[in-house]
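Given next are the chains, with one letter for each unit.
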Amino acid sequence: MNQKIASYALGCKVNQYESEAIAELFAEKGYDVVSIEDQADVYIINTCTVTNFGDKKSRQLIRKVKRQNPDAIVAVVGCYAQTAPEEISAVEGVNLVIGTKDKSQVVKMVEDYRKEMGVQNFVTDIMHERVFEPLEIKRLQNRTRAYLKIQDGCSQFCSYCIIPYARGPIRSRAPQDVIAEVKRLAENGFREVVLTGIHVASYGKDRKDITLTEIIQQVHAVEGIERIRFSSIEPNVVTEEFAQAMAALPKVCDHFHLSLQSGCDKTLEQMRRRYDTAQYRRAVALLRKYLPDAALTTDIIVGFPGESEEDYQQSKAFAEEIGFSKIHVFPYSPKKGTPAAERKDQLPNAVKQQRSHDLILASERMTEAFLQAHVGKQKEVLFERMVSPDVYEGHTTNYMKVHAKSTEDLTNQCKMVHMLKVEGETAFGEIVKS
Ligand code: SF4
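Conventions and cut-offs
Residues numbered from 1 in each chain as written. Predicted model: local features only at pLDDT ≥ 70, side-chain atom pairs only at ≥ 80, totals over all residues. Heavy atoms only, no water. Pairing = 2+ DSSP bridges. Helix = DSSP H or I, 4+ residues; strand = E, 2+ residues; numbered from the N terminus. Axes fitted to C-alpha atoms, helices over the stretch in contact; angles between N-to-C directions. Near = heavy atom within 4 Å. Nonpolar A, V, L, I, M, F, W, Y, C, P; charged D, E, K, R; others polar. Contact = heavy atoms within 4.5 Å. Polar contact = N/O pair within 3.5 Å; in protein donor to acceptor, adjacent residues only side chain to side chain. Buried < 20%, exposed > 50% of the residue type's maximum accessible area, 1.4 Å probe, protein only. Parallel < 35°, antiparallel > 145°, perpendicular 65-115°, else oblique. Left-handed = near helix turned anticlockwise from the far one by under 90°.

Student: Account for the sheet that holds strand 17 (residues 414–423), naming residues and giving values.
Tutor: Ordered by their spatial adjacency, five strands build a closed barrel running 14-15-16-18-17, and the pairing between neighbours is mixed. Averaged over all neighbouring strand pairs, the angle between strand axes comes to 50°, with direction disregarded.

Structure (structure tokens):
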């Protein structure tokens, strides 16, 4: 009987991509891939350390899988393992600690493992890593949207973030490897690719042969791919040339996740973000000049150390001025090892919760206004799945979630939809007969 492997990611899309790729490496060696809930012989846990809560969840999962099968080999990879290998080694049940480098070697490491040798720690220095580690997904299930990792690492060192220490400096995937994977995705029926990375905005900055705009243009040229998104960009990427180039590429979706974090200049400076609200406003104006219907989503942290009520109100007012289609709100959580966590002017949890609640309500109002503005209009929807009998769910290019009725299977099909009404964060429409 084949050995069983479960590979699971906590945290971001990059982790999810990598965990899927790791599962494939094991499958190629004859392992059966099972769910994290199942009894497996090998568990690979890809950890997240963005918040202390991420650390806790990672530790809980390690203990849980070891309880499922006390004889299993548990290998811990990812950001938490990279930044705190001793802490991970001390968690009962851990056999291997691998970090964010050498994930492509994980099968060999597991197979070389000898229980009698105790916990093995393979974590090495990531801060001088300069090469993008090849790790790719070949086993393609029939889905609509594929995530594709094109970049690793971050060299920004925002004052609240541990990621540059966990992932090391920026490394961009070679353009020929990106394109080879996009072609495979297209050949296997995927219609939409989402270019992801730890800091996609810096794609190409470590290479002489490619820029972010150029890799998007090359992906655009791949036949069969109909939609392109990227996970997140920053205002300093959005120049007139960039906005113009995106508008000239019809497959690039008119939806941009433009990272904000705060709408107050004082807080942005203390966060060590490398833009201010004036620059952000200019970026938004450029995107809207060339892509007038573009949806903008963002992340905002509330309750950063020293954020006064006035600072918070400024931040919220700026967000309302921009008019996002959705804000992902994060109450600030101090992360050990970062400068912001050392500050003495931390805010009480109650204040963070209250601001978080208030901004989520503001975000919901913006989402509703954005969706309502589309009622009566027609938009193209790429359908992904059936959510109830004869009701299909999909997304427009500007990332509205849409439900529509059909007796025909709409999975993985693009259809024009006439928008009828909005309920919560979902628009309901009817398919336009062609
Ligand atoms: S840009 Fe800032 S917040 Fe984003 S990963 Fe880099 S350091 Fe962290």
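And the narrative resumes.
Student: Now, about the site of the ligand: what can you tell me, with residues and values included?
Tutor: In the vicinity of the ligand, the contacting residues are Cys 154, Gln 156, Phe 157, Cys 158, Tyr 160, Cys 161, Ile 163, Pro 164, His 199, Glu 234 and Arg 273. Partitioning the shell around the ligand into residue classes produces seven nonpolar, two polar and two charged.

Student: Give me the lowdown on the environment of Gly 429, citing residues and values where you can.
Tutor: Looking at where Gly 429 falls in the secondary structure, it is placed in strand 18 (residues 426–431). Along the sequence, Gly 429 and His 328 sit 101 residues apart, while their C-alpha atoms lie 26 Å from each other. With residues near it in sequence (within four places) discarded, Gly 429 still touches His 403, Ala 404, Lys 405, Val 417, His 418, Met 419 and Leu 420.

Student: Could you give me a rundown of the side chain of Gln 261, with the residues and numbers involved?
Tutor: Structurally, the position occupied by Gln 261 is in the loop between strand 11 (255–257) and helix 10 (265–270). Polar side-chain contacts of Gln 261 include one of 3.1 Å to the side chain of Ser 259.

Student: Lay out unusual backbone geometry in plain terms, naming residues and giving numbers.
Tutor: Even without a glycine there, the phi angle at Phe 157 is positive, about 50°. For Phe 157, the location among the structural elements is in the loop between strand 7 (145–152) and helix 6 (163–167). On the basis of relative accessible area, Phe 157 is assigned to the partly exposed category, the value being 29%.

Student: An account of the packing of helix 11 (residues 277–290) against helix 12 (residues 309–322) is needed here, citing residue identities and associated values.
Tutor: The N-to-C vectors of helix 11 and helix 12 enclose an angle of 15°; their axes lie 11 Å apart at closest approach. In terms of orientation, helix 11 and helix 12 fall into the roughly parallel class. Every pair of crossing elements has a handedness; the one defined by helix 11 and helix 12 is right-handed. Of the residues in helix 12, those touching helix 11 at Thr 277, Tyr 280, Arg 281, Val 284 and Arg 288 are Phe 318, Glu 321 and Ile 322.

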